Amino acid sequence: MRNLPPSISKTPLFSRYLPNLQKMSVLIKQARIICQGSAFNGQIKDIFVENGIIQSMNDSITTSSTYEVNEKGICVSIGWMDVFAQFGDPGFEYRETIESGAAAAAAGGFTDVLVMPNTSPVVHNKSLVGYILQKGAALPVTIHPAGAITKNNEGKELAEMYDMRQAGAAAFTDGSKSIQSPGLLLKALQYVKAFEGTIIQVPDDKTIGTNGLMNEGITSTQLGLPGKPAIAEELMVARDIELLRYTGSKLHITGISTQKTVELIAAAKKEGLNISCSTTPYHLYFCEEDLVSYDTNLKVNPPLRTRADMMALRKAYSEGLIDCMASHHQPEHSDAKDCEFEYAAPGMIGLQTAFATAITAGISVENFVAMQTTAARSIFGLPVPELKEGAAACITIFNAEAPAGFSKEKNQSQSANSPFFNQPLKGRIAGIINGRNEIIYAQ
């Protein structure tokens, strides 16, 4: 990257965001366009963005600009969306603020993030939805709040979902706390059908393998850790599909981790049910065998499964049976991770490494881009940006072959619970441009 003013290039990553774009312009040189909906898909073009608008896309552009991106192997697509991330604001700002979460998302190439309601207080009414939207309004990443299905995430009584939808909630979920009561989930599915809302579920039956710390199997026995069987996930998926069939509503199941789950959802799709699913980057990269290190950052829920499950997920993603990827970005303070495996909180940060993890695991760039742009937005009925002259700029700039270079020094999250520091990942993010809120940086 060239032509970075000294006052910008020497500042921390996220502060390179400049809100006054009337005087800002970006010229991206010789970028490969990866965007199925664009007439330029697969072509090499220069792209000139000024005042947040794509002014020109041509074989060669020589105009002067505030910033110039000129790097061999650079690619451009419409901005990526993540569909499941936990920030800590309000209440758990020591884990992640909206600002630091947005910084991690931007560094990971995401222009849009759907954030979970697992905060304190829980995002279960319209005023808290408004709070999230207001805090995110000036950031370079568009924050889409998800409203809670139940009051206080307690799984007992439905929250004010219609009011939250009117206030701007993009979907409804209890986040990491899946709905255990089938009767309550049935009511939620019926309720959101009236305004074409989407329910998100993490498939986890808490009554099975309640004390499980990892996948139940030979490896858990060898490591002496209590296991959580795959049936705890698969039974809940089967149950939720039955409830979906009964209500005719819309359901997204996230964090799927087994081959059987993929088969259940594929059959439901073939039947014509309005169901979609996502897996995490780390379920494509790791399996239960990696827990021999007892790395608490690999303690996640649903847990890492068998190598066969991991390979089945990769195949399903590549074939489009899995609709998109969800980072399941879950920041945790070091006190919750620097302890015995048994007592560690589940989860890892993942926004900044999602692309590199997927690409290193063998997912094609074209598949990743298609699913994190068009597919991810379509699940929730969100408008899909366009990559053409005259359109508002919503762009991710990346190099799929360059080293990711993720380190603690480059980590933008408030927390550091990641197993990927200094790992040989490929897939570097060069920056994002998001309408009038813009960030450009070099790693």
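The structure displayed is predicted, hence computed values, not measured ones.

K.L.:
What's the story with the overall build of the protein in this structure? I'm lost.
P.N.:
Along the backbone of the protein there are twelve helices and 18 strands. Since a compact globule built from 443 residues should have a radius of gyration of about 22 Å, the 21 Å found for the protein is in line with a globular shape. If one aligns the C-alpha atoms of the protein with their principal axes, the spans along those axes are about 65 × 50 × 40 Å. Per-residue burial for the protein yields a buried fraction of 60% across its 443 residues. Relative to all contacts within the protein whose residues are 6 or more apart in sequence, the contacts with residues 24 or more apart total 77%. Element-wise, carbon and sulfur atoms account for 50% of the exposed surface of the protein, whose accessible area totals about 16,800 Å². A gap of 4 Å separates the mean positions of the 38 positive and 44 negative side-chain charges of the protein.

K.L.:
I'm lost on the sheet that holds strand S8 (residues 142-147) in this one. Help?
P.N.:
Spatially, S6-S7-S8-S9-S10-S13-S14-S15 is the arrangement adopted by the eight strands of the open sheet, whose pairing is parallel. The open sheet has two free edges, formed respectively by strand S6 (80-85) and strand S15 (324-325), since each of these has just one partner strand. Pairing geometry for S6 and strand S7 (residues 110-115), over four bridges, is parallel. Residue Asp-82 lies in a different strand from S7, and its bridge partner there is Val-113. Taken strand by strand, helix H3 (residues 126-136) contacts S7 and S8, and its axis lies near 170° from that of S8. The sheet strands contacting helix H8 (residues 259-271) are strand S13 (251-254) and strand S14 (275-279), and the helix crosses S14 at an angle near 150°.

K.L.:
Is there a simple way to think about unusual backbone geometry in this case?
P.N.:
Working note: non-glycine residues mostly have negative phi, and peptide bonds are mostly trans. Backbone torsion omega between Asp-89 and Pro-90 reads 10°, so that peptide bond is classified as cis. The phi angle at Tyr-294 is positive, at roughly 55°, despite the residue not being glycine. Along the chain, Tyr-294 turns up in the loop between helix H9 (281-285) and helix H10 (307-319). In this model, His-328 sits at a positive phi of 50°, which is unusual for a non-glycine residue. Residue placement: His-328 occurs in the loop between S15 and helix H11 (354-360). The exposure class of His-328 is buried, given its relative accessible area of 5%.

K.L.:
Please clarify how the packing of helix H5 (residues 182-193) against helix H7 (residues 231-247) should be interpreted in this entry.
P.N.:
Helix packing geometry: the angle between the two helix axes and the distance between the axes. Contact pair H5 / H7: the axes reach a minimum separation of 10 Å and the direction vectors enclose 40°. With respect to H7, the element H5 is oriented oblique. As for how H5 packs across H7, the hand of that crossing is right-handed. Seen from H5, the contacting residues are Pro-182, Leu-185, Leu-186, Leu-189, Gln-190 and Lys-193; seen from H7, they are Arg-239, Asp-240, Leu-243, Leu-244, Tyr-246 and Thr-247. Split by residue class, the contact of H5 with H7 holds seven nonpolar, two polar and three charged.

K.L.:
So what exactly am I meant to see when it comes to the pattern of salt bridges here?
P.N.:
Two side chains that carry opposite charge are able to pair once their charged atoms sit near each other. Inspection of the entire model under this criterion finds 20 salt bridges. Note that Arg-239 and Asp-240 form a salt bridge whose closest N and O atoms lie 2.8 Å from each other. Asp-240 matches Arg-239 in its accessibility class, with the two residues each being buried. Two residues, Asp-323 and Lys-269, come together in a salt bridge whose shortest N-O distance is 2.6 Å. Taken together, the residues Asp-323 in the loop between H10 and S15 and Lys-269 in helix H8 connect sequence positions 54 residues apart. Here the salt bridges do not stand alone but share partners, grouping Asp-89, Glu-99 and Lys-135 into one network.

K.L.:
Looking at this structure, I do not really get the packing of aromatic side chains. What am I missing?
P.N.:
Each aromatic ring pair is summarised here by two numbers: the centre-to-centre distance and the angle between the ring planes. One pass over the structure, following the stated rule, counts 14 aromatic pairs. Both rings, one in Trp-80 and one in Phe-110, keep their centres 6.0 Å apart while their planes meet at 75°; by these two values the pair is edge-to-face. Remark: Phe-110 occurs in strand S7 and Trp-80 occurs in strand S6; sequence separation between them is 30 residues. Among the aromatic side chains, those forming a connected cluster through ring pairs are Trp-80, Phe-110, Phe-355, Phe-368 and Phe-398. Across from the ring centre of Phe-92, 4.2 Å away, lies the NZ or CZ of Arg-95, which sits over that ring.

K.L.:
Help me out: how do you make sense of the nonpolar core in this one?
P.N.:
It is characteristic of soluble globular proteins that their nonpolar side chains tend to be buried jointly. Formed by 84 residues in total, the largest nonpolar core has its most connected members in Val-113, Leu-114, Phe-172, Ile-199, Ile-275 and Phe-398. At six residues, the largest contribution of residues to this core is made by helix H12 (residues 365-379). Look past the residues within four positions of Val-113 in its chain and what remains in contact with it is Asp-82, Ala-85, Phe-87, Ala-105, Val-141, Thr-142, Ile-143, His-144 and Leu-351. Among the nonpolar cores identified, the runner-up in size contains 21 residues, and Met-24, Met-57, Leu-387 and Ile-395 belong to it.

K.L.:
Explain the pairing of strand S16 (residues 394-403) to me, please; I cannot follow it from the model alone.
P.N.:
A regular strand places its side chains on the two faces of the sheet in alternate fashion. Most of S16 sits out of view: eight of its ten residues are buried. In this structure, strand S5 (residues 75-78) lies alongside S16, joined through four bridges in antiparallel fashion. When the bridges of S16 are listed, Val-76 appears paired with Ile-397. When S16 meets strand S17 (residues 426-434), the two strands line up antiparallel, connected through seven bridges. Counted as the bridge partner of Phe-398 is Ile-429 from S17.

Reading the values: rules and limits
- Residues numbered from 1 in each chain as written.
- Predicted model: local features only at pLDDT ≥ 70, side-chain atom pairs only at ≥ 80, totals over all residues.
- Heavy atoms only, no water.
- Helix = DSSP H or I, 4+ residues; strand = E, 2+ residues; numbered from the N terminus.
- Rg over C-alpha atoms; globule rule 2.2 N^0.38 Å.
- Buried < 20%, exposed > 50% of the residue type's maximum accessible area, 1.4 Å probe, protein only.
- Contact = heavy atoms within 4.5 Å.
- Areas by Shrake-Rupley, 256 points an atom, 1.4 Å probe, with all protein chains shown as cover.
- Lys, Arg positive; Asp, Glu negative; His and termini not counted.
- Charge placed at Lys NZ, Arg CZ, Asp CG, Glu CD.
- Pairing = 2+ DSSP bridges.
- Axes fitted to C-alpha atoms, helices over the stretch in contact; angles between N-to-C directions.
- Parallel < 35°, antiparallel > 145°, perpendicular 65-115°, else oblique.
- Left-handed = near helix turned anticlockwise from the far one by under 90°.
- Nonpolar A, V, L, I, M, F, W, Y, C, P; charged D, E, K, R; others polar.
- Salt bridge = Lys/Arg side-chain N within 4 Å of Asp/Glu carboxyl O.
- Phe/Tyr/Trp six-rings, centres within 6.5 Å; stacked < 30°, edge-to-face > 60°.
- Lys NZ or Arg CZ within 6 Å of the ring centre and 35° of its normal.
- Core = buried A, V, L, I, M, F, W, Y, C linked by side-chain atoms within 4.5 Å.

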